[in-house]
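Each chain, written out:
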Amino acid sequence: MKTDLTDTTSSKINKALVLGRRAIGTPAVGMVLTLVIVTDEENAYDALKAANEASREHPSRTLVVIKRVSRGPRDRSKARLDAEVRLGADASTGETVVLRLYGEVVDHAQSVVLPLLLPDAPVVVWWPVNSPADPANDPLGALAQRRVTDTYAAEQPIQELTARADAYTPGDTDLSWTRITPWRSMLAAALDQVACQVTSAEVEGEEFNPSVELLAMWLADRLQIPVRRAKSGGPGLTSVRLETNTGPIVLDRPDGSLATLSIQGQPDRAVALKRRETAELIAEELRRLDPDDTYASALRFGLERLDEEAATTAPQVAQVEAEEVVVVEEVAEAPKPAARKSPAKATAKKAAGK
């Protein structure tokens, strides 16, 4: 069931929700939270589709806030709110309200959203794109207990991680961190199987992927070891190699679907490590609404510190390679010993002289 409201208000939207629930025969509200999606028109469809799939696990009221850019100064001076209310089959297991803001009301989105929040229920705000520099101090982010961003969608993902660390507030999280949950679980399980001491690590993945940096910082923070990063053609994370005193532990996923876990002294094992869709990532984040201390610790470890600790091992490797090259060159340039004449040939020459 869909209801379109043009030039409306928050009170009229609430009334349309009540009338819609009565019309489809479900007057009771069974939602567990309010999910606020702040996006643009271009990304609204994909974000709403992911939220609807996640609502099967977490029934919620989904508010999609779309800030429309007015072209002329006359349009910018006029405040207008259009809404689309979806219930029943059109909203999966919850309720969906698509809000389109025009003019001056764009700068006061929180005044539109606040009356539509479910009473006595947690609030989660998700920015699929164009997330603010400080989500907790954003007017909409201040309404939420949990704030979800995605640095992978940023124009400069790696620099965005540094900004996230500087402005971190308990309750902040990132889908780039959620993407590496299976990797962290698999690596932790692999280390539980072997009694060893990890000395260094290498994380390999595609360039400009913040998940690679987050996984490297998590390993460096938890294991207190130097971690090097290597580039690959992707997709996403492709390999993690842990150097231990009992031999290397390698988790390799070249195709983005099936990975191979190699542990010294054990047969290689194929493990499912498929890249997950956005709906699965959002559903995972909605399962836990308390602050993620592990994410905070890894994020605050710092990219600069990661570079410094990784650089301590890189010169050693380079020095060993350089020494090997010098040895090879010395062997190549060494004078060759004079060839000895064969006794048979010497006898033959003497005989010919006689």
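Structural data are supplied above this passage.
Residues numbered from 1 in each chain as written. Predicted model: local features only at pLDDT ≥ 70, side-chain atom pairs only at ≥ 80, totals over all residues. Heavy atoms only, no water.

K.L.:
I'm lost on the overall build of the protein chain in this one. Help?
P.N.:
On a plain count of helices and strands, the protein chain comes out with 13 helices and 14 strands. Within the protein chain, the proportion of its 354 residues that are buried is 46%. For the protein chain, long-range pairs separated by at least 24 residues make up 71% of all intrachain contacts whose partners lie at least 6 apart in sequence. Accessible area of the protein chain: about 18800 Å², with a carbon and sulfur share of 51%. (Helix = DSSP H or I, 4+ residues; strand = E, 2+ residues; numbered from the N terminus. Buried < 20%, exposed > 50% of the residue type's maximum accessible area, 1.4 Å probe, protein only. Contact = heavy atoms within 4.5 Å. Areas by Shrake-Rupley, 256 points an atom, 1.4 Å probe, with all protein chains shown as cover.)

K.L.:
Just to check I follow, could you spell out the sheet that holds strand 6 (residues 123-126) for this structure?
P.N.:
Picture the strands of a sheet paired through backbone hydrogen bonds; they go either parallel or antiparallel. Strands sit in the order 1-4-5-3-2-6-7-8 across an open sheet of 8 strands; the sheet is mixed. Bordering the open sheet on either side are strand 1 (2-5) and strand 8 (172-174), each of which pairs with just one other strand. Strand after strand, the sheet turns through a mean of 15° between neighbouring axes, direction not considered. Sheet analysis places strand 3 (residues 60-67) next to strand 5 (residues 95-102), joined by 7 bridges and oriented parallel. Of the residues in strand 5, the one forming a bridge with Lys 67 is Leu 101. Along the sheet, helix 9 (residues 278-287) contacts strand 2 (33-39), strand 6, strand 7 (146-149) and strand 8; its crossing angle with strand 6, the most-contacted strand, is approximately 145°. (Pairing = 2+ DSSP bridges. Axes fitted to C-alpha atoms, helices over the stretch in contact; angles between N-to-C directions.)

K.L.:
So what exactly am I meant to see when it comes to the pairing of strand 4 (residues 80-86) here?
P.N.:
For a regular strand, the rule is simple: side chains alternate between the two faces of the sheet. Across the 7 residues of strand 4, 6 count as buried, placing the element largely inside the fold. Note: strand 1 against strand 4, 4 bridges, orientation antiparallel. Bridge pairing links Lys 2 to Arg 86 in strand 4.

K.L.:
How do you make sense of helix 8 (residues 210-223) when you look at a structure like this?
P.N.:
The terminal C-alpha atoms of helix 8 lie 20 Å apart, and with 14 residues this matches the ideal 20 Å at 1.5 Å per residue to within 8%. Where burial is concerned, most of helix 8 is hidden: 12 out of the 14 residues are buried. Of the residues flanking the start of helix 8, the one acting as N-cap is Asn 209, its side-chain oxygen 3.0 Å from the backbone nitrogen of Ser 211. Positive backbone phi, at 55°, marks Gln 224, one or two positions downstream of helix 8. (Expected span 1.5 Å × (residues − 1). Polar contact = N/O pair within 3.5 Å; in protein donor to acceptor, adjacent residues only side chain to side chain.)

K.L.:
Whenever I open this one, unusual backbone geometry confuses me. Can you help?
P.N.:
Working note: non-glycine residues mostly have negative phi, and peptide bonds are mostly trans. One non-glycine residue with positive phi stands out, namely Asp 7, at about 50°. As for its position among the elements, Asp 7 is in the loop between strand 1 and helix 1 (10-23). We note that Phe 208 has phi near 60°; this positive angle belongs to a residue other than glycine. Tracing the chain through its elements places Phe 208 in the loop between strand 9 (198-206) and helix 8. Phe 208 gets classed as exposed once you look at its relative accessible area, which sits at 54%.

K.L.:
Is there a simple way to think about the packing of aromatic side chains in this case?
P.N.:
Pairs of aromatic rings are described using the distance from one ring centre to the other and the angle between the two planes. What the rule picks out here adds up to 2 aromatic pairs. Relative to Tyr 295, the ring of Tyr 168 has its centre 6.0 Å away and its plane inclined at 65°; by these criteria the two rings are edge-to-face. Here Tyr 168 is found in the loop between helix 5 (157-166) and strand 8, whereas its partner Tyr 295 is found in helix 10 (residues 293-301), with 127 residues between them in sequence. Of the two residues examined, Tyr 168 and Tyr 295, each falls in the buried class. Aromatic rings pair up to connect Tyr 168, Trp 177 and Tyr 295 into one cluster. (Phe/Tyr/Trp six-rings, centres within 6.5 Å; stacked < 30°, edge-to-face > 60°.)

K.L.:
Help me understand the packing of helix 2 (residues 41-54) against helix 9, please; the structure alone is not making it clear to me.
P.N.:
Between two packed helices, both the angle of their axes relative to each other and the distance between the axes serve to describe the pair. The interhelical angle for the contact between helix 2 and helix 9, taken along N-to-C directions, is 55°, at an axis separation of 8 Å. Judged by the inter-axis angle, helix 2 sits oblique to helix 9. By crossing handedness, the relation of helix 2 to helix 9 is classed as right-handed. Every residue of helix 9 that contacts helix 2 at Ala 50, Glu 53 and Ala 54 is listed here: Thr 278, Ala 279, Ile 282 and Ala 283. Partitioning the contact of helix 2 with helix 9 into residue classes produces 5 nonpolar, 1 polar and 1 charged. (Parallel < 35°, antiparallel > 145°, perpendicular 65-115°, else oblique. Left-handed = near helix turned anticlockwise from the far one by under 90°. Nonpolar A, V, L, I, M, F, W, Y, C, P; charged D, E, K, R; others polar.)

K.L.:
What should I look at first to understand the pattern of salt bridges in this one?
P.N.:
Pairing between side chains of opposite charge can happen when the charged atoms of each approach one another. Within this structure, the stated rule accounts for 17 salt bridges. Across the pair Arg 287 and Glu 57 runs a salt bridge, and its minimum N-O distance is 2.6 Å. Note that Arg 287 is positioned in helix 9 and Glu 57 in the loop between helix 2 and strand 3, a separation of 230 residues in sequence. The partner of Glu 213 in a salt bridge is Arg 229, and the shortest N-O contact between them spans 2.3 Å. Of this pair, Glu 213 sits in helix 8 while Arg 229 sits in strand 10 (residues 227-232), and the two are 16 residues apart along the sequence. Exposure remark for Glu 213: the relative accessible area of 12% places this residue in the buried category. (Salt bridge = Lys/Arg side-chain N within 4 Å of Asp/Glu carboxyl O.)

K.L.:
Quick question: what am I supposed to make of the packing of helix 8 against helix 10 here?
P.N.:
At their nearest, the axes of helix 8 and helix 10 sit 8 Å apart, and the two run at 95° to each other. Relative to helix 10, the element helix 8 lies roughly perpendicular. Of the residues in helix 10, those in contact with Leu 214, Met 217, Trp 218, Ala 220 and Asp 221 of helix 8 are Thr 294, Tyr 295, Ser 297, Ala 298, Leu 299 and Phe 301.

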